[in-house]
Amino acid sequence: MTVQSALSATDRLELLRMMVLIRTFEEAILREYHADKSPGFDIGAGLVPGEMHLAAGQEPVAAGIGAHLSLGDALTATHRPHHVAIAHGVDMRKMAAEIFGRETGLGRGRGGHMHLFDPEVHFSCSGIVAEGLPPALGQAFAFQRAGTDRVAVAVAGEGAANAGAFHESLNLAALWKLPVIFVIEDNDWGISVPRSASTSVPSNAVRAAGYGIPGTRVEDNAVEDIWAAVGEAVRRARAGEGPSLIEVHTLRLWGHFEGDAQGYRGDLEGVPGRDPIPTYQKHLTDAGILDDAAFAEMGAAASTRVEDAIAFAKSSPLPDPADALKYVFTEGAQS
Ligand SMILES: Cc1ncc(C[n+]2csc(CCOP(=O)(O)OP(=O)(O)O)c2C)c(N)n1
Ligand SMILES: [Mg+2]
């Protein structure tokens, strides 16, 4: 791992703290999601019915981005959104309530885990692959027109980087020098399709040259390198120098969705050894800025916060079925 000298000990501990918070949240959702789907796995059963895409292993991307964004900056994400939502400051209680389909959720329980919208912090995501890129562009255009130094970040998977919306967004962002940062999470897989079977180039970073913008690839899920790459891209965007593309080689620790048997996956055996949290914990311990007690304290604090959010969600009311069509159409719009 390349050590970035500009990172203080406090910054580095904050990166780890964020990664631990995200993992604690994903583990709690994993537990709750599976709690009432047994003995046979029934995706439609239980308190959280439907698909669930968790981001365990991809925490470094979220922590590295979140460290550079301020209130007012925008972030768009994917069907695997929890890690970046937490790092961007989305309210954890309202997010958990949305995942549980409760009236107190971000979208009053109508959207579920792939459709988290938080206007307070300009966060959105979508179950449609590559859908997050154009809205990031639109927000960046608005920030530019208003003469602010606010930026938008679009996070997407390496599978999404083969969609038309990715290429169209890069072109327009470059042409208009928009303050937008595209972050591609290369987790090696698009569901069961390996990157080698979907993508014509070994690195999406090289695609940036086709649009005349900087492209960087960060290897090994290295949180400090991600932090450095995003920091430079955000600096450029705020200074009016235009968009950047960053690809991170990250890791999908669990299945594409919960219930995915991953029979297609030949790399599973080596996966636990690549878990970025113990890797970074050891890195900071070796650097003399972390000990076991401090790490345990991070876990305990994360657990308290996450369990509070889960309890809030579970004790919140479900939407009234009579309101199913409420918020679908603008009130009073019918002629
Ligand atoms: C437009 C569209 N096509 C197909 C799908 C089905 N789908 C859901 S996730 C996914 C793979 C996405 O892979 P990637 O972009 O690498 O993200 P990851 O799941 O690895 O985070 C596909 C094809 C979809 N949701 N939207
Ligand atoms: Mg992928």
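Definitions and limits used
Residues numbered from 1 in each chain as written. Chains lettered and ligands numbered in written order. Predicted model: local features only at pLDDT ≥ 70, side-chain atom pairs only at ≥ 80, totals over all residues. Heavy atoms only, no water. UniProt positions renumbered as here; feature names shortened; annotations may be inferred. Helix = DSSP H or I, 4+ residues; strand = E, 2+ residues; numbered from the N terminus. Buried < 20%, exposed > 50% of the residue type's maximum accessible area, 1.4 Å probe, protein only. Contact = heavy atoms within 4.5 Å. Pairing = 2+ DSSP bridges. Right-handed = clockwise from strand over helix to strand, strands pointing away. Core = buried A, V, L, I, M, F, W, Y, C linked by side-chain atoms within 4.5 Å. Donors = N, O, S within 2.8 Å, 3.2 Å for Na, K, Ca; no water. Near = heavy atom within 4 Å. Polar contact = N/O pair within 3.5 Å; in protein donor to acceptor, adjacent residues only side chain to side chain. Phe/Tyr/Trp six-rings, centres within 6.5 Å; stacked < 30°, edge-to-face > 60°. Lys NZ or Arg CZ within 6 Å of the ring centre and 35° of its normal. Axes fitted to C-alpha atoms, helices over the stretch in contact; angles between N-to-C directions.

With an unreviewed UniProt entry as reference, the protein is termed Pyruvate dehydrogenase, source organism Paeniglutamicibacter gangotriensis Lz1y. Database annotation for the protein, UniProt heading Cofactor (unreviewed entry): "thiamine diphosphate".

### Here's the deal with the side chain of Glu32
As for its position among the elements, Glu32 is in helix α1 (residues 9-35). By relative accessible area, Glu32 is classed as buried at 10%. Those residues in contact with Glu32 that lie beyond four places of it in its chain are Phe100, Ile310 and Lys314.

### Things to note about the UniProt feature "domain: Dehydrogenase E1 component" (unreviewed entry) in the protein
In this structure's numbering, the residues bearing the UniProt feature "domain: Dehydrogenase E1 component" (unreviewed entry) are residues 18-321. Structurally, residues 18-321 comprises 38% helix and 11% strand, and the distance from its first C-alpha atom to its last is 37 Å.

### Re the pairing of strand β3 (residues 152-157)
Burial analysis of β3 places five of its six residues in the buried class, the great majority of the element. Relative to β3, strand β1 (residues 74-77) runs parallel, the two sharing three bridges. Its bridge partner lying in β3, Leu75 is registered against Val153. The pairing of β3 with strand β4 (residues 180-186) spans six bridges and is parallel. Looking at the pairing, Ala152 lines up with Val180 of β4. For the crossover that starts at β3, traverses helix α6 (residues 164-175) and ends in the parallel β4, the hand is right-handed.

### A few points about the nonpolar core
In this structure, Phe25, Ile65, Leu75, Met95, Phe123 and Ile181 are the most contacted members of the largest nonpolar core, which totals 69 residues. Sort the elements by how many residues they give to this core and α1 lands first, with 11 residues. Among the nonpolar cores identified, the runner-up in size contains 23 residues, and Ala74, Leu133, Leu170 and Leu178 belong to it.

### Some details on the coordination of the magnesium ion (ligand 2)
Distances from the magnesium ion (ligand 2) to its protein donors, Glu158 (OE), Asn187 (OD1) and Trp189 (O), fall at 2.1 to 2.2 Å. The motif formed by the donor residues of the magnesium ion (ligand 2), counted along the single chain, is E-x28-N-x1-W. Taken individually, Asn187 and Trp189 each receive the classification buried, so the pair is uniform in this respect.

### Looking at the site of ligand 1
Ligand 1 sits among 14 residues. The nearest are His79, Arg80, Gly127, Asn187 and Trp189. A distance of 3.0 Å is found between an oxygen atom of ligand 1 and a backbone nitrogen or oxygen belonging to Ala160. A distance of 2.8 Å separates an oxygen atom of ligand 1 from a polar atom in the backbone of Trp189.

### Examining the packing of aromatic side chains
Summed over the entire model, instances satisfying the criterion amount to three aromatic pairs. Between Tyr33 and Phe41 the ring centres are 6.3 Å apart and the planes differ by 45°, which places this aromatic pair in the tilted class. Over the ring of Tyr33 we find Lys37; its NZ or CZ atom is 3.8 Å from the centre of that ring.

### Description of the pairing of strand β8 (residues 244-249)
The two faces of a sheet get side chains in turn, since along a regular strand they alternate between them. With six of its six residues buried, β8 lies for the most part within the structure. Where burial is concerned, the two faces of β8 agree: the one with Ser244, Ile246 and Val248 and the one with Leu245, Glu247 and His249 are both buried. As paired strands, β4 and β8 are joined by six bridges and run parallel to one another. What sits directly across from Val183, in β8, is Ile246.

### Some words on the sheet that holds strand β7 (residues 215-218)
Taken in spatial order, the six strands of this open sheet run β2-β1-β3-β4-β8-β7, and their pairing is parallel. Looking at which strands have only one partner, the edges of the open sheet turn out to be β2 (123-125) and β7. Averaged over all pairs of adjacent strands, the angle between strand axes in this sheet comes to 15°, irrespective of strand direction. Across the face of the sheet, helix α5 (residues 133-145) comes into contact with β1, β3 and β4 while running at roughly 170° to β3. Docked against the sheet, helix α7 (residues 223-238) engages β4, β7 and β8, running at close to 170° with respect to β8.

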